[in-house]
Amino acid sequence: MDYEPISVALKFAFLAVLYLFLLWIANSARKDLKRNRGGDADGDATLGAMPAGGYDAWLVVVRGGGIEAGTRFDVFGGVTLGRSADADVAFTDRYASGLHARLYPRGDRYFLEDMNSTNGTLLDGAACNSEVEVRDGSMIEIGDTAFRFELDRP
Amino acid sequence: MSASRNRELLALVPVALLLTLGFAAVFAQNDNQLTNLSLSYGLYFLAICLATHIYIRIRLPDADPYLFPMIALLTAIGLVMLYRLDSETGNELARDQANWFVFGLILFAVVIHFLRDYSVLERYRYTIALVGIALLMAPRLPFIGAQVNGAYLGVKLGPIAFQPAELAKLCIVVFLASYLREHRELLVVGARRILGVTLPPLKHLGPLLVVWGAAMFMLIVIRDLGSSLMFFAAFLALIYVATGRLSFVFIGMAMFLAGAWVIYQTVPHVTDRVDIWLDPYQDPGGAGYQVLQSMFAMADGGLFGEGFAQSMVLIPGTDSPLLPAAQTDLIYTLITAELGLFGACGVIGIYLLVAARGFKVALMANDGFSKLLATGLTTVFAFQAFVIIGGVTRVIPLTGVTLPLVSYGGSSILANFILLALLLLVSDRARREAREGV
């Protein structure tokens, strides 16, 4: 029996299965993207070509904190604010707790959460109890220190 | 979300089928018979993959469903190609590789078991960085170091030989991810624009210069352009993700090119490699032999290839290789020769999809370290494939890195399964948090 045709057939079968497999995976990856784009609140994959931190956002020092006003802190994948050196945004304020509050992105929005601080956190003048969404231009006040939040959403 | 686990299970079936088809084709060609041995090999492979799948189902129920099947597919293609080489050279590389595959999966399970909370890696980052540097330096140490073709990549400890660079790449990515997570602000705050280019503040250029220095140092000490390119590319990708500044990437690339040019002029081994790349015909029987044979073999493949086990790997009538190092450096050439342009593009397609899934993991992750870790691991994996595929196709100078998971090599398999474990850990956490709406 001549095996030549069989090995040729096996080679083409191999190529066909390989390509069908790749198409299937590429297709479900595409569907994944579409599903996430369709109004899902989390919208995790909608960032597309953005750097993985989501939209660029900053905390700008308005006053206090022992930091020159106008200093900008980049907010990337979430930052913690507080007096401790472990905080991502560390500042000196006698009313601030070690780890006072945290700011984190979810999808294309940013949220502020008070981390059980002694003296509380104000967002636009209102006490921040659980997580609250912060918008472009929001004021975050901790003790005598104030930050302005800037969101660079296209 | 067992839907994604079910998809993973489903995806393993075509992978095992491909392995069976490949082995059947090699058997049919060599022994002129169709035995059901290929079917049993396929079933063994499926059984091992199923065991891993069940482990993932228990430990990481939310992890990305496609990464593991694609990694298994790359290993399967490697096994078929190595078995096909063994049939002519009489070695038993395929059996060794299959053992390494099982060891790799055991290590994969161990890493997932002990690093469930992978953020502990951040705490030990300086230790990890030191281990990485020690691993990179090891091949230059007396007694244990080994020089292969002028590059210092291997270490020999008695009977065990391994390539420490494979493990070092993981250490360095973990270190860079955690370092940049903490210091990214410093690079961005105080950046100024000069002539429309955003420059990082001078005093914070330090880390950039250190990594650049390390890449150049590697080029001089290890003399391997490929690994040094791979590390630096991972670093630039991380810097870009961490700061979102394209200018840093361009500055880094310019620095790398400038440094590489100086080293090209001064280090003889690198000069030789680059000259052979530019003009392989200057020494067709010697230094240019490997890359020239690689190109001729690929040309023989045509669109659909010559078929499994039908290309020429030994000079007829002798035991000397027509394709030098076909089991490691030139395995991509072998795939192109036997499966043609379509088979080769398929293999590149697998790497592209792995990279796409990896970056998806990075996009979904919720904290900086996870994002940077997933980005770095994916980049280093994809770039390794680029460096060796680019090398054999003469896009860049040929260097001795392995084609991840396809090439023969225990350290490469082990390192890449650790890499997969870390990616799946990040993915599992990110997708669980997305599902629970954290």
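Values in this document were obtained by computation on a predicted structure and should not be read as measured data.

Asker: Got a minute to help me understand the nonpolar core in this structure?
Answerer: Nonpolar side chains in soluble globular proteins generally cluster together in the buried interior. The biggest cluster of nonpolar side chains holds 152 residues, and the ones touching the most others in it are Phe45, Ile350, Leu373, Leu403 and Phe417 of chain B. Tallying contributions element by element places helix H13 (residues 331-364) of chain B first for this core, with 15 residues. Apart from the residues lying within four places of it in its own chain, the contact partners of Leu403 of chain B are Ile331, Tyr332, Tyr351, Ala385, Ile388 and Ile389 of chain B. By size, the runner-up hydrophobic cluster in this structure holds 22 residues, among which are Val61, Phe73, Val79 and Ala96 of chain A.

Asker: I'm lost on the sheet that holds strand S8 (residues 126-127) of chain A in this one. Help?
Answerer: Strand pairing in a sheet takes place through backbone hydrogen bonds and is either antiparallel or parallel in direction. All names here are of chain A. Read across the open sheet, the six strands follow the order S2-S1-S11-S10-S7-S8; overall the sheet is antiparallel. Taken across any chain shown, the strands that pair with only one partner, and hence form the sheet edges, are strand S2 (72-75) and S8. Here strand S1 (residues 56-63) pairs with strand S11 (residues 145-152) via seven bridges, running antiparallel. Within the sheet, the bridge partner assigned to Val60 lies in S11 and is Arg148.

Asker: How do you make sense of the confidence of the model for chain B when you look at a structure like this?
Answerer: Caution applies to low-pLDDT parts of the model: their predicted coordinates are not meant to be read in detail. Confidence in the prediction of chain B, expressed as mean pLDDT, is 85, and 90% of residues score 70 or more. Two summary scores accompany this predicted model of the complex, namely pTM at 0.78 and ipTM at 0.85.

Asker: Got a minute to help me understand the side chain of Ser412 of chain B in this structure?
Answerer: Here Ser412 of chain B is to be found in helix H15 (residues 410-436). Overall, the relative accessible area of 2% leaves Ser412 of chain B in the buried class.

Asker: Explain the pairing of S1 of chain A to me, please; I cannot follow it from the model alone.
Answerer: For a regular strand, side-chain orientation follows a simple rule: the groups alternate between the two sheet faces. In this sheet, S2 of chain A lies alongside S1 of chain A in antiparallel orientation, the contact comprising four bridges. Looking across to S2 of chain A, one finds that Trp58 of chain A is bridged to Asp74 of chain A.

Asker: Would you mind showing me how to read the interface of chain A and chain B here?
Answerer: How big an interface is tends to be expressed through the accessible area that disappears when the partners come together. The partner chain B presents 58 residues to the 40 residues of chain A that form the contact. When chain A packs against chain B, close to 4200 Å² is buried across both sides, 69% of that on carbon and sulfur atoms. Taken together, the links from chain A to chain B amount to one salt bridge. The salt bridge partner of Arg181 of chain B is Asp88 of chain A, with a shortest N-O separation of 3.6 Å. At the junction of chain A and chain B, the tally comes to six residue pairs in polar contact (both at pLDDT 80 or more). Those elements that place two or more of their residues in the side of chain A that touches chain B are helix H1 (4-37) and S2 of chain A. The leading source of residues in the side of chain A that touches chain B is H1 of chain A, at 21 residues. Here the residues of the side of chain A that touches chain B sort into 25 nonpolar, six polar and nine charged.

Criteria and cut-off values
Residues numbered from 1 in each chain as written. Chains lettered and ligands numbered in written order. Predicted model: local features only at pLDDT ≥ 70, side-chain atom pairs only at ≥ 80, totals over all residues. Heavy atoms only, no water. Core = buried A, V, L, I, M, F, W, Y, C linked by side-chain atoms within 4.5 Å. Buried < 20%, exposed > 50% of the residue type's maximum accessible area, 1.4 Å probe, protein only. Helix = DSSP H or I, 4+ residues; strand = E, 2+ residues; numbered from the N terminus. Contact = heavy atoms within 4.5 Å. Pairing = 2+ DSSP bridges. pLDDT = per-residue confidence, 0-100. Buried area = accessible area lost by both parts, 1.4 Å probe. Salt bridge = Lys/Arg side-chain N within 4 Å of Asp/Glu carboxyl O. Polar contact = N/O pair within 3.5 Å; in protein donor to acceptor, adjacent residues only side chain to side chain. Nonpolar A, V, L, I, M, F, W, Y, C, P; charged D, E, K, R; others polar.

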